[in-house]
Amino acid sequence: MSEVAFLALEGLAKSYGSFQAVRALSLQLREGELLSLLGPSGCGKTTTLRMVGGFTAPDQGSIRIAGEDITKYPAEVRPTGMVFQRAALWPHMNVWHNVAFGLKIRRVPRPEIYRRVRETLELVGLPDSGKKYPPQLSGGQAQRIALARALVLRPKVLLLDEPFSNLDAQLRLRLREEVRSIQQLSGLTTLLVTHDQAEALAISDRIAVMESGEVLQECNPADLYTRPANLRVARFVGEMNVLKTELIGGALKLFGECARHHSLDALVDGPVTVAIRPEDLVLEPGQGARIESVSDLGHALQVHLQTAHGPVRAWTSRKTLRPGESVRPGAQRCLLYREDRLLLEISAREVSDAPST
Amino acid sequence: MTTLQAGARTQQEKRPIRAQLTGLLLVAPPIALLALLVAWPAVSAISFSLGLIPGNNLLFSQGLHLIRSDHPTFQVYKALWGQPAFRADLALTVGVALWSTLSICVLAYALALYTHFHRHRLATLLRSLYLVPMFVPVVIASYGLLLFFEGRGWLGSLIAQLGAPYRSPIFHQGGVVLGQVWQGIPFGVLLLGAGLEQIAPELLDAARDCGANIWTLLGRVILPLNWTGLLIVATFTFIGGMGSFTIPFLLGPNAPQLLAVEMNNYFGSFDQPQPAVAMAVLTFLIASLAGGLYVFATYRQRKL
């Protein structure tokens, strides 16, 4: 990818005293690509974004945009545009002046400013909001104006720092789709920081999962969900059952049965940690798992079961229930799983996800 | 049921009246105190300066060169304005107050910005040091400044050792400005610093992201967002400067003199309370103009 990388971060590191916020982080984005930095609070994703934006100086490493090394450039001259977690609109300026601010600083001719501000406000769907002041805008409108303020300068790279996190659920869904649409329309290379896995999975071309200042896995959303590189990623992305069990004679002891899989052949017997997603478990009539409770998620039923390995969550659709069958607390069920959806870890060492059969 | 509801309604209707009365009773003491200590003396001083001398007030009726009248007259003000010395005093007072205000605003803003945006040792030290003048009584500070800046003081002696000429600001208007700056800096930095704390860091980052350099950031974002605080500092410093006595008395020039010192002379040494009160009324009016700015600033802040 390096020969086509539009934004390239190489060996970026940043420490605050003894705390290492980012450790030797390397990432590459193609032109027009949207990559999400996904991780829990304090994992270093915002620090990384701020280093790209020029607000935080890296201790080590380099940042290149379109081949140009911008590591030493201050924020005000970088070809980046940033949208912050809070809209950060200047309250003493109306929307028009907020959006036109950067153009005025660049001494763009007045007719050009007028045209670009108008076009950008139309692009974000608020063409008539120019005279409004920030306190008169809703949260979603304010974030759109913040996006317009970044877009109007035609940055080479758009930086989004959890821009939807302060919005209510409905608005967040709508706005993220709109932002994705605008990003694709304008072909902007975009780096998004989020701790919301659903958001990252929904709008990213690629996702880099971060923890403790490092990238744990970097791939497309589908692979990240179905083939997490290790348990740390698996735990963070989507719902996951993590169960302690063991390998006996090359067979995996799980839900009351010992199953021999091809992928287990090379492994030595002993304790093993197994991870499997709730939707990859199937409830069948039988014994081995007792239903503790059932909660309705709307699109599915979430069934909480007690097994020999501890509590397990399984999702089942109403449509898959047989006529007359119901899932009631206290009932016994047999749990089935797909071998290719299992993630195994022996001790602290990640092994592999089992190959598809 | 109906009777019960009606009873409850009457109780609810009574409650606001009782609440209003309680509220009025609570604010009555401070309002009465304000009327007694501020409004009444102010009204009586204004009427005295307009020639209406109360017969039962010995302090007002026994001074020299009293101008008495049955109706309000500006004779006292005309007489004052006719004196070149008074005009020079007034010009000096307003000039010193303006210079002090300007100096304090600039220095306090620079200090507030520096201590707000920097986290290294010097900034940490300054954050503690700038408050020191607040804990030193004005009279002590004035003598300290006198000993340091006077012609034969520490600085003068040092410069004399180097063979360079030195013109001490002490006993000139510069000395008063120096004293006012010393006294006013902590208040200015505290208030402006608090204002800067209110500015979300993202607002500044967003401006930098749009291409604002430090001066654009200061002029187009920080100052407009902190304008009210600056106006408040300027207003209070100016009003304080107009009425300041100790610093002008100890560090100021002999002629012309600042109005507060001159008022004291007229009232005590010259036994002419009427011109002294007229000067006080004029000082009050000029300060009121500045006070109007403060009211405007707070109104604007509320509107935002």
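If you're wondering where the values come from, they're calculated on a predicted model, not measured in any experiment.

Quick notes on unusual backbone geometry
Part 1: The omega torsion of the bond from Ala255 of chain B to Pro256 of chain B falls at -5 degrees, within 30 degrees of zero and hence cis.
Part 2: Looking at the element boundaries, Pro256 of chain B is found in the loop between α12 (246-251) and α13 (259-269).
Part 3: Its identity as a non-glycine residue notwithstanding, Ala66 of chain A has a phi of 50 degrees, on the positive side.
Part 4: Here Ala66 of chain A shows up in the loop between β4 (60-65) and β5 (68-69).

A short note on the pairing of strand β12 (residues 251-254) of chain A
Side-chain direction in a regular strand flips from residue to residue, so the side chains alternate between the two faces of the sheet.
All names here are of chain A.
Part 1: For strand β11 (residues 241-248) and β12, the ladder comprises 3 bridges, and the chain directions are antiparallel. Its bridge partner being in β12, Ile248 is matched across the sheet by Ala251.
Part 2: Where β11 hands over to β12, the hairpin turn is made up of 2 residues, of which Gly249 adopts a positive phi near 55 degrees.

Here we look at the sheet that holds strand β6 (residues 80-83) of chain A
All names here are of chain A.
Part 1: Judged by pairing direction, the sheet is mixed, and its 6 strands sit side by side in the order β6-β7-β8-β3-β9-β10 without closing on themselves. Every other strand in the sheet has two partners, leaving β6 and β10 (214-219) as the edge strands with one partner each. Strand-to-strand twist in this sheet, taken as the mean axis angle between neighbours without regard to direction, amounts to 20 degrees.
Part 2: Judged from the 5 bridges that link them, strand β7 (residues 157-161) and strand β8 (residues 189-194) form a sheet pairing that is parallel. By the bridge assignment, Leu160 is partnered in β8 with Leu192.

Brief notes about helix α7 (residues 154-161) of chain B
Since there are 3.6 residues in each turn of an α-helix, residues three or four apart along the chain are aligned in direction.
Residue and element names in this part refer to chain B.
Part 1: Buried within α7 are the following residues: Leu155, Gly156 and Ile159. The buried residues of α7 occupy an angular sector of 100 degrees when the element is viewed end-on, so they sit on one face. Turned more than 90 degrees away from the buried face of α7 sit Trp154, Ala160 and Gln161, all of them exposed.
Part 2: Close packing links the buried residues of α7 with α6 (138-149).
Part 3: Positive phi appears at Gly163, one or two residues downstream of α7, with a value of about 80 degrees.

Notes on the interface of chain B and chain A
Part 1: Taken together, the contacts link 17 residues of chain B with 24 residues of chain A.
Part 2: Between chain B and chain A lies a buried interface of about 1,900 Å² when both sides are counted; carbon and sulfur atoms form 60% of it.
Part 3: Summed over the shared surface of chain B and chain A, the result is 3 salt bridges.
Part 4: The partner of Glu76 of chain A in a salt bridge is Arg208 of chain B, and the shortest N-O contact between them spans 3.3 Å.
Part 5: In this structure, the connection of chain B to chain A is made through 7 residue pairs in polar contact (both at pLDDT 80 or more).
Part 6: Mapped onto the side of chain B that touches chain A, the elements with two or more residues apiece are α9 (201-209) and α10 (214-225) of chain B.
Part 7: In terms of residues, the side of chain B that touches chain A owes the most to one element, α9 of chain B, which gives 7 residues.
Part 8: Among the residues making up the side of chain B that touches chain A, the classes are represented as 9 nonpolar, 3 polar and 5 charged.

Examining the environment of Pro224 of chain B
Part 1: Assignment of secondary structure puts Pro224 of chain B in helix α10.
Part 2: Separated by 93 residues in sequence, Pro224 of chain B and Leu131 of chain B place their C-alpha atoms 26 Å apart.
Part 3: Once residues lying within four places of it in the same chain are set aside, the contact partners of Pro224 of chain B are His92 of chain A together with Leu218 and Gly219 of chain B.

Re the state of the cysteines
All names here are of chain A.
Part 1: Enumeration according to the criterion identifies 0 disulfides over all chains in this entry.
Part 2: Cysteine Cys43 remains unbridged, with the sulfur of Cys219 as its closest cysteine sulfur at 16 Å.
Part 3: With a relative accessible area of 1%, Cys43 lands in the buried category.

What about the pairing of strand β3 (residues 34-38) of chain A?
Residues and elements named next belong to chain A.
Part 1: Along β3, 5 of the 5 residues are buried, which leaves the element largely enclosed by surrounding structure.
Part 2: Of the two faces of β3, both are covered, the one formed by Leu34, Ser36 and Leu38 as well as the one formed by Leu35 and Leu37.
Part 3: Here 5 bridges tie β3 to β8, and the two strands are oriented parallel to one another. Looking across to β8, one finds that Leu35 is bridged to Leu191.
Part 4: Of the strand pairs in this sheet, β3 and strand β9 (residues 206-211) are connected by 4 bridges, and their pairing is parallel. Looking at β9, one finds that Leu37 is bridged to Ala208.

Thresholds, definitions, all that
Residues numbered from 1 in each chain as written. Chains lettered and ligands numbered in written order. Predicted model: local features only at pLDDT ≥ 70, side-chain atom pairs only at ≥ 80, totals over all residues. Heavy atoms only, no water. Helix = DSSP H or I, 4+ residues; strand = E, 2+ residues; numbered from the N terminus. Pairing = 2+ DSSP bridges. Axes fitted to C-alpha atoms, helices over the stretch in contact; angles between N-to-C directions. Buried < 20%, exposed > 50% of the residue type's maximum accessible area, 1.4 Å probe, protein only. Arc of directions from axis to C-beta. Contact = heavy atoms within 4.5 Å. Buried area = accessible area lost by both parts, 1.4 Å probe. Salt bridge = Lys/Arg side-chain N within 4 Å of Asp/Glu carboxyl O. Polar contact = N/O pair within 3.5 Å; in protein donor to acceptor, adjacent residues only side chain to side chain. Nonpolar A, V, L, I, M, F, W, Y, C, P; charged D, E, K, R; others polar. Disulfide = S-S within 2.5 Å.

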